[in-house]
Each structure stands twice: as C-alpha cells, then as structure tokens.
Amino acid sequence: MPADLENVLSSLVASELALFNELALLVDKEEECVLAEDMECLLTVLQEKQDVISRQEKIHEEWSSVSASLGISEGRDGPVFWSHLGELLGDGADDL
C-alpha cells in the first residue's frame with residue numbers, strides 16, 4: 001500500500017503544482033488585460049481562472065478522500081496528516 005499511496009500522493013502534488021503554475025500565468029495575463037483596459041480579455045481570463053479554481057477544488061476533494069481513507073480527521077493542511085504519512089511512507093514522505 002505505501003508504494004501505491006506514494007504514487008497517488010505524488011500525482012496529487014504534481015497536479016496541484018501544475019494548476020498553481022497555470023493560475024500564475026493567468027494572473028499575469030489578467031494584469032495585461034487590465035493595463036490594456038480590455039474588458040473582454042479580462043472576462044475571458046476570469047473565466048479561465050474559475051476553471052482552474054474548480055479543478056483545484058476537485059484535487060482538494062481527492063486530498064480529503066486520501067485523508068479519510070487513512071483514518072485521519074484533518075486534511076493535508078494539518079500537521080497530523082503529514083506526520084501520519086511520514087510514519088506510513090518513511091523516507092518517501094520527504095519527497096512529497
């Protein structure tokens with residue numbers, strides 16, 4: 001199970017990082033639209049950002065599922081989650 005768990009968690013971390021990078025690019029694009037006073041562009045970017053945020057929410061739900069499946073009452077934002085993972089994965093937890 002730890003190898004499978006590590007793969008699932010690595011995938012979640014990679015997906016989340018990709019979304020944060022995508023969001024950062026959209027924030028830059030949003031600023032360009034504002035500076036150009038292009039409201040159509042801004043609306044499009046805001047819609048794209050909402051899509052990214054929706055995908056982030058789905059990933060957050062996946063983190064919650066992992067937490068629940070491990071019997072951990074708090075999500076990945078809490079120290080108990082990472083402490084428990086450290087016990088399960090050993091050195092593999094450091095990479096996450």
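Residues numbered from 1 in each chain as written. Predicted model: local features only at pLDDT ≥ 70, side-chain atom pairs only at ≥ 80, totals over all residues. Heavy atoms only, no water.

Undergrad: Is there a simple way to think about the overall build of the protein chain in this case?
TA: The helix and strand tally for the protein chain stands at four helices and zero strands. Its helices and strands in sequence order give the protein chain the pattern α-α-α-α, from N to C terminus. By the compact-globule yardstick of 12 Å for 96 residues, the protein chain is too spread out, its C-alpha radius of gyration being 17 Å. Overall, the C-alpha framework of the protein chain stretches about 55 × 20 × 20 Å when taken along its three principal axes. For the protein chain, the proportion of its 96 residues judged to be buried stands at 27%. (Helix = DSSP H or I, 4+ residues; strand = E, 2+ residues; numbered from the N terminus. Rg over C-alpha atoms; globule rule 2.2 N^0.38 Å. Buried < 20%, exposed > 50% of the residue type's maximum accessible area, 1.4 Å probe, protein only.)

Undergrad: In this structure, what is going on with helix H3 (residues 79–89)? I would like to understand it.
TA: Because each turn of an α-helix spans 3.6 residues, side chains separated by three or four positions end up pointing in the same direction. Among all positions in H3, only Phe 81, Leu 85 and Leu 89 are buried. Buried residues along H3 cover an arc of 45 degrees about the axis, so they all sit on one side. In H3, the exposed residues that point more than 90 degrees away from the buried face are Pro 79 and Glu 87. Gly 90 lies just past H3 and shows a positive phi near 65 degrees. (Arc of directions from axis to C-beta.)

Undergrad: Explanation requested: the environment of Ser 54 in the structure shown.
TA: Here Ser 54 shows up in helix H2 (residues 39–69). Sequence-wise, Ser 54 and Val 27 are 27 residues apart; in three dimensions their C-alpha atoms are separated by 16 Å.

Undergrad: Even after reading the chapter, I still don't get the state of the cysteines, so can you show me in this structure?
TA: Chemically, a disulfide is nothing more than a covalent bond linking the sulfur atoms of two cysteines. Inspection of the entire model under this criterion finds one disulfide. Paired through a disulfide, Cys 33 and Cys 41 show a sulfur-sulfur distance of 1.9 Å. (Disulfide = S-S within 2.5 Å.)

Undergrad: Hey, could you run me through unusual backbone geometry in this one?
TA: In terms of backbone geometry, most residues other than glycine have negative phi values and most peptide bonds are trans. We note that Glu 37 has phi near 55 degrees; this positive angle belongs to a residue other than glycine. Along the chain, Glu 37 turns up in the loop between helix H1 (2–35) and H2.

Undergrad: Quick question: what am I supposed to make of H2 here?
TA: Compared with an ideal rise of 1.5 Å per residue, which puts 31 residues at 45 Å, H2 spans 45 Å between its outermost C-alpha atoms and is within 8% of the ideal. Within H2 the residues assigned to the buried category are Leu 42, Val 45, Lys 49, Val 52, Gln 56, Ile 59, Trp 63, Val 66 and Ser 67. Where H2 starts, the residue carrying a side-chain oxygen 3.3 Å from the main-chain nitrogen of Glu 40 turns out to be Asp 38. Once H2 finishes, Gly 71 follows within two positions and takes phi at roughly 75 degrees, a positive value. (Expected span 1.5 Å × (residues − 1). Polar contact = N/O pair within 3.5 Å; in protein donor to acceptor, adjacent residues only side chain to side chain.)

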